[in-house]
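# Survey of secondary and tertiary structure
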Amino acid sequence: PLAQLKDPTLLKTDALIDGQWVAGTERFDVYDPATGQKLADVAKLGPADAERAIAAANAAWPAWRNKTAKERANILRRWHDLLMANQDDLGRLMTAEQGKPLPEAKGEVAYGASFVEWFAEEAKRVNGETLPTFDNNRRLLVLKQPIGVCAAITPWNFPLAMITRKVAPALAAGCPVVIKPAEQTPLTALAAAELAIRAGIPAGVLNVLTSDGPGSVAIGKVLCASDVVRHLSFTGSTEVGRILMAQCAPTIKKLSLELGGNAPFIVFDDADVDSAVEGAFASKYRNAGQTCVCSNRIYVQEGVYEAFVQKFAAKVATAKVGNGFEDGVNQGPLIEEAAVEKVQRHVDDALAKGGRVLTGGKRLGGLFYAPTVVADASPDMLCAREETFGPFAPVFKFRTEEEVIQLANATEYGLASYFYSRDVGRIFRVAEALEYGMVGVNVGILATEHVPFGGVKQSGLGREGSHHGIDEYVELKYVAIGDV
Ligand code: ADP
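Residues numbered from 1 in each chain as written. Predicted model: local features only at pLDDT ≥ 70, side-chain atom pairs only at ≥ 80, totals over all residues. Heavy atoms only, no water.

## A word on the site of the ligand
Taken together, 16 residues sit near the ligand, with Thr-154, Trp-156, Lys-180, Glu-183 and Ser-237 positioned nearest. Residue Lys-180 places a side-chain N or O atom 2.8 Å away from an oxygen atom belonging to the ligand. Ser-216 places a side-chain nitrogen or oxygen 3.4 Å from an oxygen atom of the ligand. Compared with its free state, where it exposes 550 Å², the ligand has 82% of that area covered by protein. Among the secondary structure elements, those contributing two or more residues to the shell around the ligand are helix 7 (213-225), strand 10 (229-235) and helix 8 (238-248). Per element, the largest residue contribution to the shell around the ligand is 3 residues, and it comes from helix 7. Of the residues that constitute the shell around the ligand, the class distribution is 8 nonpolar, 6 polar and 2 charged. (Near = heavy atom within 4 Å. Polar contact = N/O pair within 3.5 Å; in protein donor to acceptor, adjacent residues only side chain to side chain. Areas by Shrake-Rupley, 256 points an atom, 1.4 Å probe, with all protein chains shown as cover. Helix = DSSP H or I, 4+ residues; strand = E, 2+ residues; numbered from the N terminus. Nonpolar A, V, L, I, M, F, W, Y, C, P; charged D, E, K, R; others polar.)

Here's what the structure looks like:
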């Protein structure tokens, strides 16, 4: 699939440190999850390379910090324009290594680029404050300054957007960055880095450390332990988030964590059922269920339960599974064997505990899994507690608003949640009662660049996107001036 890139020079397989492409002494393979075919071998870096990248970023920091906000904004704007000008090629790279259907991949390129555009604009609005004084001889100021060298560890499910959502605000604020992309999807990250160079991001300001699984763990240790690295932003599993948080404790590093979810999707009796079916489908089956905001548990009130499950299963049965490069496909492969096995484990468990399969329920060969709907789900099932991260929708029946709020909140996660209702009082009550960082009401898709994305409880710390997103990369400094 990569033979058809319009600009073949975007296929980069070396890592980037201090503006130099680094081949490394070892390599690791990247595969197409749809075919199992090897796509490329990529530089496998280790801890010493991570130290070098941190030093390069630190050396590049003063000149980057001292550019005017407008100069940084102009460079970011050029990066955005180049990402969009190469949307087709970036989409191809992404579909090849990640599996999501090509139109969805191109959509992610636009979504990923939108963070660069947004933070190019926000760079110019990092405003400090002057405060009322408590003494006429003093003046009180609040400065906003870039935090310093930032590290970003990113997942495979959004190979571009999870990078730009962290890197763009850091760069906008005046911070250099060291990125460790997921081992499954380094090609999109490296192509984006090549475009960053073309946009004029100086050497050392943006570094990309590629590695395989064990190499990633070793690099992660260096990034966490470094006292030059002042901030770590991570998107991935809650389990790995806990490890990184512990590893960052000795240096009291600032953290932004975007971790797992277990999103409830609630349909009340007063909902527009057809609209809820569309929303549930969009929310559940985007990226074949492999996003942290995908609904994991669908709760439907008894009055509309049968109507909803029948219509929803009929809709899911129309999904087209296949290689993401094929026309009309909207469900690609899962990322790896372990992901397929987890979905099967959740489905088997649900069936053993009384679930009723309405569609799907089986593997389709390779890493493909049939989009699945199981009705009559119950709280004792694995899918009620764990994030499935795949194309399996369990549907639970409930009776009262009070009951469903309690069920929805009965999880350690708190990222996205959704509900459908036409009752304005209920909309306010339920939106306020859900213990989640994000609530979609009568919508199944929430994310865009200018809203604060993030979770509560064990779904993470901090917010990405919006005008709040840059705060994570800025330190406040209080200055009191006396003898005025
Ligand atoms: P997923 O379940 O989405 O694969 P992970 O949390 O395992 O998510 O991985 C997300 C990112 O974290 C990837 O870039 C991966 O290489 C990295 N990673 C995984 N384990 C560690 C670790 N122990 N230390 C540092 N990085 C890690």
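## Regarding the sheet that holds strand 20 (residues 474-481)
Within a sheet, neighbouring strands are paired by backbone hydrogen bonds and run either parallel or antiparallel to one another. Spatial ordering of the open sheet is given by 5-6-20, a layout of 3 strands whose pairing is antiparallel. Across the chains shown, the open sheet's two edge strands, defined by having one partner strand only, are strand 5 (129-131) and strand 20. Across this sheet, the average inter-strand angle for adjacent strands is 25°, counted without regard to direction. Where strand 6 (residues 139-146) lies against strand 20, 8 bridges are found, and the strand directions are antiparallel. Bridge pairing in strand 20 links Arg-139 to Ile-481. (Pairing = 2+ DSSP bridges. Axes fitted to C-alpha atoms, helices over the stretch in contact; angles between N-to-C directions.)

## So, the pairing of strand 10
Most of strand 10 sits inside the fold, with 6 of its 7 residues counted as buried. Strand direction decides the pairing type here: strand 7 (residues 149-153) and strand 10, joined by 5 bridges, are parallel. Residue Val-149 lies in a different strand from strand 10, and its bridge partner there is Val-229. As judged from the 5 bridges shared by strand 10 and strand 11 (residues 254-258), these two strands associate in the parallel manner. Among the inter-strand pairings, Leu-232 is bridged to a residue of strand 11, identified as Leu-255. Considered for its hand, the β-α-β crossover made up of strand 10, helix 8 and strand 11 is right-handed. (Buried < 20%, exposed > 50% of the residue type's maximum accessible area, 1.4 Å probe, protein only. Right-handed = clockwise from strand over helix to strand, strands pointing away.)

## Digging into the packing of helix 3 (residues 87-98) against helix 4 (residues 102-122)
Remark: helix 3 packs on helix 4, axes separated minimally by 8 Å, with the N-to-C direction vectors making an angle of 120°. Between helix 3 and helix 4, the angle is such that the two are oblique. Crossing handedness for the pair helix 3 and helix 4: right-handed. Counting all contacts with helix 3, which are made through Gln-87, Asp-88, Leu-90, Gly-91, Arg-92, Met-94 and Thr-95, the residues of helix 4 involved are Leu-102, Ala-105, Lys-106, Glu-108, Val-109 and Ala-110. (Parallel < 35°, antiparallel > 145°, perpendicular 65-115°, else oblique. Left-handed = near helix turned anticlockwise from the far one by under 90°. Contact = heavy atoms within 4.5 Å.)

## Quick notes on the packing of aromatic side chains
Given two aromatic rings, their pairing is described by the distance between the two centres and the angle made by the two planes. One pass over the structure, following the stated rule, counts 10 aromatic pairs. Taking 5.0 Å as the distance between ring centres and 65° as the angle between the ring planes, the aromatic pair formed by Tyr-111 and Phe-115 counts as edge-to-face. Within this pair, Tyr-111 and its partner Phe-115 are both found in helix 4, separated by 4 residues, close to a single helical turn. By relative accessible area, which is 13% here, Tyr-111 ends up buried. Of the aromatic side chains, those joined through ring pairs into one cluster are Phe-281, Tyr-285, Phe-308 and Phe-312. The side chain of Arg-65 reaches across the aromatic face of Trp-61, ending 4.3 Å from its centre. (Phe/Tyr/Trp six-rings, centres within 6.5 Å; stacked < 30°, edge-to-face > 60°. Lys NZ or Arg CZ within 6 Å of the ring centre and 35° of its normal.)

## A few points about helix 8
Along helix 8, the residues classified as buried are Thr-238, Gly-241, Leu-244 and Cys-248. All buried residues of helix 8 project into a common sector of 115° when viewed along the axis, lining one side. Of the exposed residues in helix 8, the ones pointing more than 90 degrees away from its buried face are Glu-239 and Ala-246. If you follow the buried residues of helix 8, they end up packed against strand 7, helix 7, strand 10 and strand 11. (Arc of directions from axis to C-beta.)

## Observations regarding the sheet that holds strand 16 (residues 392-398)
On the basis of which strands lie adjacent, the open sheet formed by 7 strands has the order 14-15-16-13-12-17-18 and mixed pairing. Both outer strands of the open sheet, strand 14 (356-359) and strand 18 (438-441), are each paired with one neighbouring strand and no more. This sheet shows a mean twist of 20° between the axes of neighbouring strands, independent of strand direction. Here strand 15 (residues 372-377) pairs with strand 16 via 4 bridges, running parallel. By the bridge assignment for strand 16, Thr-372 is matched with Phe-392. Where helix 14 (residues 424-433) meets the sheet, it contacts strand 13 (295-301), strand 17 (416-420) and strand 18, and its direction lies at approximately 160° from that of strand 17.

## Some words on the packing of helix 2 (residues 69-85) against helix 5 (residues 161-173)
The N-to-C vectors of helix 2 and helix 5 enclose an angle of 155°; their axes lie 9 Å apart at closest approach. For the element pair helix 2 / helix 5, the angle class is roughly antiparallel. Crossing of helix 2 against helix 5: the hand is right-handed. Packed against helix 2, whose contacting residues are Arg-72, Leu-76 and Trp-79, the element helix 5 presents Thr-164, Val-167, Ala-168, Leu-171, Ala-172 and Ala-173 at the interface. A per-class count over the contact of helix 2 with helix 5 returns 7 nonpolar, 1 polar and 1 charged.

## Some points on the nonpolar core
Within the largest apolar cluster, 63 residues are counted, with the highest numbers of intra-cluster contacts made by Trp-79, Leu-83, Val-167, Leu-171, Leu-187, Ile-201 and Leu-206. Dropping the residues within four chain positions of it, Trp-79 is found in contact with Val-116, Thr-164, Val-167, Leu-171, Ala-192, Leu-195, Ala-196, Ala-199, Ile-201 and Leu-206. One finds Ala-263, Val-304, Leu-415 and Phe-453 within the second-largest nonpolar core, a separate group that totals 32 residues. (Core = buried A, V, L, I, M, F, W, Y, C linked by side-chain atoms within 4.5 Å.)

## Focus: the side chain of Thr-359
For Thr-359, the position within the fold is in strand 14. The buried category is assigned to Thr-359, whose relative accessible area is 15%. With near-sequence residues (within four places) excluded, Thr-359 lies in contact with Ala-313, Val-316, Ala-317, Pro-371, Thr-372 and Val-373.

## Observations regarding the confidence of the model for the protein
Taken over all residues, the pLDDT of the protein has a mean of 98, while the share at 70 or more is 100%. Predicted complex, confidence summary: ipTM 0.98, pTM 0.98. (pLDDT = per-residue confidence, 0-100.)

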